[in-house]
Each structure stands twice: as structure tokens, then as C-alpha cells.
Amino acid sequence: MDQLSTKWIIHLLFSLCFLGVSCNSVGKKIYVDLNNTVPCVRLLNATHQIGCQSSLSGNVGVLHVLESEENLDWVLDSGPNPPYMVILETPLFTRSIMMKLKNGSSRVAGVAFVVPNSNPAGGFSPHTSCPNENSGVYTEGYDPTLANCKNTVWNPLGSGLSYEDFDFPIFSLKDDNDTEVIRQCYIVHNRPVNGSTPRYPLCAMQLFSHMSAVTNTPTCMRRNDINFSISPEYVCDPLGDSNVWGSSRPLNNTAKGHKMWESVVIAAARLDSRSFFSNVAPGTESAVSGFVTLLAAAHALRNATQEAQPNRTILYAFFQGEAFDYIGSSRMVYDMEKNQFPLDMDNIHSVLEIGQVGLRSDSKLWLHTDPVSRRNATVNKEVEELIENLQLVARELNISGEEPNLSQPLPPSSFQRFLLNRPIPGVVLEDHRSEFYESMFDNREYLNITYPPELTPEEQLEYVTDTAKALTEVATMVGRALYKQAGGEDSQLKNINADSQIVRLVKIISINQNFFSNDRPLNLYVGVYQQASEPTALVHHLLANLTGSVLNITQENCNNQREDEEDKESKHVGHTAVFLLLAPPNSTERRGFCVRSTSRVFRALSPAFEEHNYTNKAYSTWTESRWKSIRGRIFLVASHELEMLTLGVGIGVLLTSLLLTYFISSKADILFSSAREPTNATY
Amino acid sequence: MTASVFFGCTFIAFGPAISLFLFTIAREPLRVIFLIAGAFFWLVSLLLASLVWFISVRISNMDNEAQQKGLLIFGVVLSVLLQEVFRFAYYKLLKKANEGLLALSQEETMPISIRQLAYVSGLGFGFMSGAFSVVNILADSVGPGTVGIHGDSQHYFLSSAFMTMAIILLHMFWGVVFFDACEKQCWWAVAAVVISHLTVSCLTFQNPEYVASLVPTYVILFLMGIWAFYSAGGSLRTLKLCLTCKDKDFLLANHRPR
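On a predicted model such as this, the values are computed, not experimentally measured, just so you know.

What counts, and at which threshold
Residues numbered from 1 in each chain as written. Chains lettered and ligands numbered in written order. Predicted model: local features only at pLDDT ≥ 70, side-chain atom pairs only at ≥ 80, totals over all residues. Heavy atoms only, no water. Helix = DSSP H or I, 4+ residues; strand = E, 2+ residues; numbered from the N terminus. Buried < 20%, exposed > 50% of the residue type's maximum accessible area, 1.4 Å probe, protein only. Contact = heavy atoms within 4.5 Å. Areas by Shrake-Rupley, 256 points an atom, 1.4 Å probe, with all protein chains shown as cover. Lys, Arg positive; Asp, Glu negative; His and termini not counted. Charge placed at Lys NZ, Arg CZ, Asp CG, Glu CD. Salt bridge = Lys/Arg side-chain N within 4 Å of Asp/Glu carboxyl O. Phe/Tyr/Trp six-rings, centres within 6.5 Å; stacked < 30°, edge-to-face > 60°. Lys NZ or Arg CZ within 6 Å of the ring centre and 35° of its normal. Axes fitted to C-alpha atoms, helices over the stretch in contact; angles between N-to-C directions. Parallel < 35°, antiparallel > 145°, perpendicular 65-115°, else oblique. Left-handed = near helix turned anticlockwise from the far one by under 90°. Nonpolar A, V, L, I, M, F, W, Y, C, P; charged D, E, K, R; others polar. Disulfide = S-S within 2.5 Å. Core = buried A, V, L, I, M, F, W, Y, C linked by side-chain atoms within 4.5 Å. UniProt positions renumbered as here; feature names shortened; annotations may be inferred. Pairing = 2+ DSSP bridges. Buried area = accessible area lost by both parts, 1.4 Å probe. Polar contact = N/O pair within 3.5 Å; in protein donor to acceptor, adjacent residues only side chain to side chain. pLDDT = per-residue confidence, 0-100.

A. Looking closely at the overall build of chain A. Check the secondary structure of chain A and you find 19 helices and 23 strands. Residues counted as buried form 55% of the 683 residues belonging to chain A. Look at the contacts in chain A between residues 6 or more apart in sequence, and 78% of them connect residues 24 or more apart. When the accessible area of chain A is evaluated, it comes to approximately 30500 Å², of which 51% is carbon and sulfur surface.

Now the structure itself:
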């Protein structure tokens, strides 16, 4: 008996610990929460705000699945139950429909966009048709015939939707079970049959994405500075992250400013991308193809630059934040001007930038140059030499390096920020397909990264696709051209070959299987400065691994930048040690080892935020708003009449009961007197 | 659904109880104290019943639907029985307290009669029972949505509010009848109260057939109301007197000191 009661007591105490019981709450009868929603957030710059906003308590609207552009009439004019929450499929996510919704926004509560499982035919780009037109080198003062894309429109499919300001929330939903529930709810409750109005209760959706910042960056930064309370509330954060750079020869990092006798060839690529929706930016063609090619070229040059060092140093630079008015490259130029970088603008000999190179039709690669700086004879000579080097090397590899029309300006590229400072010779490599520029569809499908279906995942990792082969050729060409440009011997050129296994990184990155164990591609959005962006650490460590040498020291010594306890830090100028955890080939166990290389990061925050001058249009002033909660849910709504009826009945019951009670209590003596006995006072 | 539904349902559920409180109890501090004590007794009975149910659910097999339904019925019956046990316990406590109060007070007559205590304790039970029945439903009625996306009936909020109003008034009537029966040692009346309470609680298993559960509940409410009226000292004669406004003459004719 004793043991039994002890057992029961223990069981009782144990049960009391189980407080998280999932019961049938009323909320579950009413709402269905949406998982996997991706919102569009608000971004601000010096003069405008772009993006989407919802009200503080969420936007509620009756669901309507848009069938065609004519069907918009129901939403904007004839539908009897505004406001509406519009569900769009891909072919209808166009500028004209979105602008009509924006203009009729009193009847539109929000938009939900269903992402298809495969890329839409015909291309889709929400970016503007002339990207970064106000922060590049082509202004009215530089050359009026080339400003604002008058000569060439670089993104012809661009609808500019990313740069519009909507006052309703726009979410994107994956095409899965949740979306099927939404469609079913619409079909059962909301769909007008034969033109008749649908009857209550109707299916509705509520989206929460309230953004705290408004108007523009100077306003929100000023509001950040207001601190009346102990824990100040910030409303926005500047965009930014870190750039990665490395060199073929170690440079003394502590000595900033001009370096005597140092002449540098900069090989640049961009790391970031963006799309209409926040945190979805696969950027496979716009960014990944470029930086992977540069990494492969750096790896190919490792042996050649160590055995037969060329005259000039090659600087590998990977810029972050280029989609937002060139945050990274403007920061590097600014640091060079202010003597806070180990080099100076005078040290730069030439620039080779690798843009989008993943999709070459007919093996053609375009070599863009700046016509205005070429009017100067010395610069023109250098540029022609660079182009000649490139074309020579390309011919050996069966790539045809074409020069475009001499009056064509540079495409949007980081090189433009260097030109803003002074005329430097340079070339930008591009392939010129831009169907999905800066959109969520710029993914592996766009680059045709497909495998034969019978391969297992492990075999897929080893398989070299045609895209990888093509990129390997470009990487080899870039490596050889850089070596030649840096003054290296022609005899060494044939030893510089990019490894196709390195190039298969592009597949890994776009599938994202090894690095972050998630079933989604790498997110290349630069994000706010305080939050690390995904590709930066990846590229930093890859560059270290591919251009550095392994050291046999402990992790602690490695992190403290010394070889053993007595080692002094000043001995290793120009080098950093990075501790990497990687799996060697033929094994899945990750081991740690220390790599010494020249790979470094330095901050990529726009100079406007350094100087606290937020109206300065010379630099990027992009900030991202903060928000509290982002979520969505669907439910049924009842008619207004029923609600008012309920209130009326309630008030009626209250008034009746008040009257009755008053009446009864005032006559209580009489009403309840018949059983009273005069002698029994207690009863 | 929205604020209007929230206020509508609150007024429906708590309207009669609030008006009774305002007009009959709020001015007398002793009645307020006994009301709150009654509510507390109901709360303790619920705590015990829920403890037993919680442990039994934890022990049982969560996937067996029939077993869960059986456990729910068991929980409801146990809760009703425990509530009535605590009503009896409160009655005993009040009897003892009455003697003590009489000994303490200077006056010769009781400051509060057992009949008033019956009414007040019944209302206290009713308040607390109503609160636990309907407050979480009211909280969800403030949001923009209404019940129905999974196929449940749309009249959930309204019928819950009406049921709660019935339960609160029923508790008050049961209190009056129960205490009166205990005073007169009339045990069959006590059993009738318990059985009618069980009936009303088990009627809720008919939900979502709201008509089938609400209509019989209101019939029982009406009948219990009549019974409570008679055991509180009312009769058809006094009712006729009040309604035909002859009460003033009655008082003058039968004048006695209050």
C-alpha cells in the first residue's frame, strides 16, 4: 500500500510538470496559421521608401483568387465585400496589375503570391531596367549621352516593382498543402457562382507585416537617436556586411595608405543579389557565377604566383551590397581615399571585373570598357593591352571574347565606383542574358544545373555538368589573363588551369546541401549590417582554403595568429590564420585545420553612415526597417449584420434584466413574504 | 469576430448576473463577502475535479477516441458531483458561521438570513461557473475571425453565451432550493437538484446541435425558477399583489416593524 501510494504521488508530481498540454482551444477552431510565408519588407534611402507595409493589427481582407487581368474589376470596382486579399499566380505578377492594385488600395487589403515549382517562361525581373543608375559613374556631368541608360538598357525585362512603395502587405507562399487549403477555402466559400454575390460567411486572410520605419533614411536614423527610455527602440538599420579580399603576394596590413613600388591588378566580383521578397535571393547567375569563377581563378593562380612571381600583385576583391548602390565598392574606394586601406588609388594599375558569366550563348563573352575614360590616350593604351591579353588567352580556350560597340558604356558593375574617383583602365566580363535579373527565380534551374536522373546525391556532388565545364573555361581564361596582366611570363600560362571540381561549388551553393543543411539555396541578400550575410564567411574561408597553406598548429594558436606560445604577432604581416572545419574528400567526418593565407574581411558599410550624413546622394543610404512580427492566417468572417444583431441582443438582454431585477428587488418584501413566520426571526 | 460580438456575448452571458449583483448585493458588504466565498468554494471543487481528470487523461491512451470521450463524460459527472458536495459543505460552514456571528453581534436578530445566504451563495457559484465557461470563448471572439473554417457551426459564440446565462441563473436557483431542502431535511429535493444539474451538464454533449441542448436547458431553468420562487417564500398571491400594484395597501394593512 505504501509503495502504491508513493507511486501515485510520484505520478501526480510528474503529471503536474506536464504543463504544455495541447488541448482543443477555441482559437484552433477559428484560425489556420500559415507557415512558410515570405514577406516583402520596407527599405528606405535618402529620399524614398520602397517595399510594403501593413497596419499594426494586421490587414484583413476577403480572399479572391485572381483569374485574369479583367477579373481585377471584381476587386477594384464591383466586388461587394471589400477590402479584398488578392491571390496571384506567376503569370499575373506584372507591373500593370500591381500598379492597378496599388492605385485601388482602399479596396485591396494585401496580395499573396504563389511561387510556382518551376521558373516561369518569358523571364521575370522586379528590378529597374537601369540598375544603380544614380550611383554609377554615368551621370549628366560625366557624359550626358550615356547617363540613365540612354545608350543601352541593361535590364530590359525589369518591371521596377522592387522599387515601388505599397501600402498593403505582399507575401509569397510556397505551392504546398497550406496553399491548397487556401484555394479550397476560396472555392467553397468565396467563389461567385454565375455572377451571384457570394454569401457570408466568407473566407478571409490576415497578414501581419508592420514596419516601424517611414519616409526615408534621415527620418528613421533621427528616430533611432531618440532615447527616452532605458531600452531604446530602433526603427531601422543600415544595410551592409563585410567585403572579402586576398592577394597573390602578402601585403602589410598594418601599414595603411600608399605603398611605394606596389602596383596592383584588382580582380573583382560581387557577392550579393536581391529579389522582391526579403531574404530570398538565390542570385545564381547574377552573383554566384561571378564569384565562383574568381575563386577558381585564384586557386588556379596559386602555384604560378608562388613559383614565378609576376611583377604586380593581384588583389582578389569580393564586394558585398553591390545591388544597393554599390555599398562594398564605394566603401573600398572611400577607405583608399582616407588612407585606411593597405593600398591607395595610386597603387591600382588596372581592374578586371567578372560579372554574370554563367550563361554563354555561342561561347561568347563580352568585354566591356568605359568609352569616356578611353578618350585619354594613356588609359586607352592600357585598356587595349588588357583586351588584347584577354582575347589572346580566350582564343586558346575556344572562347570568343567580343568587344562591344566602342560607344557602349559599362554595365552596372563595381568598377564604375573606381572610375568615379579617377580614370583607371579596366574591363568587365559579362555574358548578357538577363531574364531573371535580381529575382527569386535566379536559381539553379536558370543555369541549367540538372543531373541525369539516375544519380544518387553523392554521385551528383561529383558529377560535372556542362555549366560547370563552361565556368571552368572562363575561370582558366580569367586566371591566365590576370597573370599576363600582372606581368607574368607567357611560358607559365599553360600551367594555369582551373579545377572543375572547384567550379562544382556553384552547384553546391545553389542547392545548399553541404554548407547549411537546409533545403533552400544560399541567400545572397546583404541584410542589415549587424547580421552576417551567408556568402561572406563562405567566400572568406573558401579563399583561405584555396590560396593558402595548411599549418600544423593548435586551434588556440591559430585563433591567436601565432605559431606557438613564443611567437610574436608582428612576424606575420600580410597573413591571417583561419581555422576551418572541412571534410576531406572521400569522407564525411569534418576535421579542423589551420590555414595561413592572405584572405581577409573588411567592413562594407556605406560611407554615408560613417560620416552620419544621410542626405548625401554620393553614397548608398539604404536602410532596412525593423518589424515586430510577420505572420499570416486564414479564417471565416461573418456578415456585419449578424455582428450587429448579436450586439443588439446582448444590450437587450442586459436592459431587460436590469429592469426586471430592479422591479423584483424593490418588491422583494412582498414577493417573498408568504412563508415568513412571525415568531421565527432567523428564518 | 469583432468587438461588437464580444460585447454582445458578454452582455448576454453576464447581463442578468450583473444586474442581480448591482441591485441586490453590491450595497451590503456582508453579502459581497459571502458571494466571494461561495465563488471560491466552487473554484476549489473545480480544481479537485480537474486534477482527477488531468491525471486520468495522462494515464490513458491519447489515441483512443472512445476512451477519451468516456473520460470526458466521467470528468463532467465527477465535476457536477463535486460541485454539489461543496455546496453542501458551504451550507454546513454557513450554519456554523451563523451561530458564531450571532454570538458576536450586539443585535438579537441575524444580520443575514439563511434564505439570503442561499441566494448569495448560489449566485457566487454561478458567477464563477459562468466565468470559467465563457471567458476564453469571449477572448477569442474579439479577433476578426468566426468559427467555421473546419466545418463547425457558426453560432458557437452566441449559443455559448446563452448557455452560460442559463447556467448562472440555474446555479442561483439550485442554491436556494438546496439550502431550503437542507434546512427542512428534505433529502429528495437535494437529490432532485443534483439530478437536474447532471441533466443540464450532460445535455451539453448534444453540441453542436445547439437547439437540442439549449431548449431543454431553458425548460429546466424555467421549472427550477418556479420551484426556487416557491421555496424562497413567494406564492401566486404575492405575485398577483405585486403585479396589480396593490402592494402598498397590503403593507399598510399588515404593518409590522421591519
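B. Representation of the overall build of chain B. Looking only at helices and strands, chain B has nine helices and zero strands in total. In chain B, the succession of α and β elements from N to C terminus is α-α-α-α-α-α-α-α-α. With the C-alpha coordinates aligned to their principal axes, the bounding extent of chain B is approximately 65 × 40 × 30 Å. Out of the 258 residues belonging to chain B, those deemed buried represent 47%. Residue pairs at least 24 apart in sequence account for 75% of intrachain contacts in chain B once pairs closer than 6 positions are excluded. For chain B, the accessible area works out to roughly 13000 Å², and carbon and sulfur atoms hold 70% of it. Across chain B, the 16 positively charged side chains and the 14 negatively charged ones have centroids separated by 10 Å.

C. Molecular detail of the pattern of salt bridges. Residues and elements named next belong to chain A. Overall, the coordinates contain 22 salt bridges over all chains when judged by the stated rule. Across the pair Arg183 and Glu89 runs a salt bridge whose closest N-O atoms are separated by 3.0 Å. Residue Arg183 is located in helix α5 (residues 177-190), and its partner Glu89 is located in the loop between β6 (84-88) and α4 (95-103); the two are separated by 94 residues in the primary sequence. Judged by relative accessible area, Glu89 falls into the partly exposed class, the value being 27%. The shortest N-O distance in the salt bridge between Asp335 and Arg331 comes to 3.3 Å. Taken as a pair, Asp335 and Arg331 lie in helix α8 (residues 327-337) at a separation of four residues, close to a single helical turn. Taking the relative accessible area as the measure of exposure, Asp335 reaches 5% and is therefore buried. Overall, Arg331 belongs to the buried group, its relative accessible area being 4%.

D. Quick look at the side chain of Thr179(A). For Thr179(A), the position within the fold is in helix α5. With residues up to four places along the chain from it excluded, the contact list for Thr179(A) reads Val114(A), Leu173(A) and Lys174(A).

E. Fine view of the packing of aromatic side chains. Applying the stated rule across the entire model yields 31 aromatic pairs over all chains. Ring centres of Phe88(B) and Tyr91(B) lie 6.3 Å apart, and the angle between their planes is 35°; this geometry places the pair in the tilted category. Taken as a pair, Phe88(B) and Tyr91(B) lie in helix α3 (residues 65-104) at a separation of three residues, close to a single helical turn. Accessibility expressed as a relative area gives 30% for Phe88(B), which makes it partly exposed. On the basis of relative accessible area, Tyr91(B) is assigned to the buried category, the value being 5%. Taken together, the aromatic side chains of Phe93(A), Phe113(A), Phe124(A), Phe166(A), Phe168(A), Phe276(A) and Phe277(A) make up a single cluster linked through ring pairs. When the ring centre of Phe166(A) is taken as reference, the NZ or CZ atom of Lys102(A) above it lies at 5.9 Å. Positioned above the aromatic ring of Tyr163(A), the side-chain terminus of Arg274(A) is 5.1 Å from the ring centre.

F. Representation of the packing of helix α5 (residues 156-183) of chain B against helix α7 (residues 210-231) of chain B in the model. All names here are of chain B. Two numbers describe how α5 lies on α7: the axes approach to 9 Å, and their chain directions differ by 25°. By the angle class used here, α5 and α7 are roughly parallel. The handedness of the crossing between α5 and α7 is left-handed. Residues belonging to the contact of α5 with α7 are distributed by class as follows: 19 nonpolar, four polar and one charged.

G. View of the state of the cysteines. Residues and elements named next belong to chain A. This structure, assessed with the given rule, holds four disulfides over all chains. Note on cysteine connectivity: Cys40 is disulfide-linked to Cys52, with sulfurs 1.7 Å apart. Residues Cys40 and Cys52 are joined by a disulfide whose S-S torsion is about 95°; by sign, that bridge is right-handed. Taken as a pair, Cys40 in the loop between β2 (37-39) and β3 (43-44) and Cys52 in the loop between β4 (49-50) and β5 (59-65) lie far apart in primary sequence, twelve residues in all. For the residue pair Cys40 and Cys52, the accessibility class agrees, reading buried in each case. Bridging Cys220 to Cys236, the disulfide has an S-S length of 1.9 Å. Classification of the bridge connecting Cys220 and Cys236 rests on its S-S torsion, roughly 75°, and on that basis the disulfide is right-handed. A residue pair is termed long-range when its members are at least 10 positions apart, and Cys220 in helix α6 (residues 217-224) and Cys236 in strand β10 (residues 236-238) qualify at 16 residues.

H. Examining the nonpolar core more closely. In this structure, Leu88(A), Phe93(A), Met98(A), Leu101(A), Ile170(A), Phe277(A) and Phe157(B) are the most contacted members of the largest nonpolar core, which totals 98 residues. If one sorts the elements of this core by residue count, α5(B) sits on top with 19 residues. In terms of nonpolar packing, the next biggest core, distinct from the first, is built from 59 residues, Val244(A), Val357(A), Leu367(A) and Leu524(A) among them.

I. Highlighting the UniProt feature "domain: Nicastrin small lobe" (unreviewed entry) in chain A. Per the UniProt record, the feature "domain: Nicastrin small lobe" (unreviewed entry) sits at residues 39-213 of chain A. Secondary structure across residues 39-213 of chain A comprises 17% helix and 23% strand; the distance between its end C-alpha atoms is 16 Å.

J. Structural context of the environment of Phe6(B). All names here are of chain B. Within the fold, Phe6 resides in helix α1 (residues 3-25). Put simply, Phe6 and Ala139 are 133 residues apart on the chain and 7.7 Å apart in space, counted from C-alpha to C-alpha. When residues no more than four places from it in sequence are discounted, the contact partners of Phe6 are Leu138, Ser141 and Val142.

K. Up close: the sheet that holds strand β13 (residues 313-319) of chain A. Residue and element names in this part refer to chain A. Read from one edge of the open sheet, eight strands run β16-β15-β17-β14-β12-β13-β11-β21, paired in mixed fashion. Each end of this open sheet is capped by a strand with a single partner; those strands are β16 (400-402) and β21 (600-605). Strand-to-strand twist in this sheet, taken as the mean axis angle between neighbours without regard to direction, amounts to 25°. Examined bridge by bridge, strand β11 (residues 240-247) and β21 share six bridges and lie antiparallel to one another. The residue bridging Asp241 from the neighbouring strand is Ala604, located in β21. Contacting β14 (348-354), β15 (364-368), β16 and β17 (426-430), helix α9 (residues 377-396) crosses the sheet at an angle of about 40° to β17. Contacting β11, β13 and β21, helix α15 (residues 534-547) crosses the sheet at an angle of about 10° to β11.

L. Quick peek at the sheet that holds β3(A). All names here are of chain A. Strand order in the open sheet made by the four strands is β4-β3-β22-β10, with antiparallel pairing throughout. Here the strands that pair on one side only, and so sit at the sheet edges, are β4 and β10. As paired strands, β3 and β4 are joined by two bridges and run antiparallel to one another. Within β4, the residue paired with Leu44 across the bridge is Gln49.

M. Expanded view of the interface of chain B and chain A. Tallying the contact residues gives 61 residues for chain B and 51 residues for chain A. When chain B packs against chain A, close to 4800 Å² is buried across both sides, 73% of that on carbon and sulfur atoms. Between chain B and chain A we count zero salt bridges in total. For the pair chain B and chain A, the interface holds six residue pairs in polar contact (both at pLDDT 80 or more). Of all the elements in the fold, those that place two or more residues in the side of chain B that touches chain A are α1, α2 (29-59), α4 (114-141), α5, α8 (236-243) and α9 (247-253) of chain B. Counted by class, the side of chain B that touches chain A contains 32 nonpolar, 19 polar and ten charged residues.

N. Just the confidence of the model for chain A, in detail. Residue and element names in this part refer to chain A. Looking at chain A, pLDDT values average 82 and 85% of them are 70 or higher. Contacts of residues 513-517 to residues separated by more than four positions or lying in other chains number ten contacts, the stretch itself having pLDDT below 50. Residue range residues 676-683 is modelled with pLDDT below 50. Its contacts to residues more than four positions away, or to other chains, number eight contacts.

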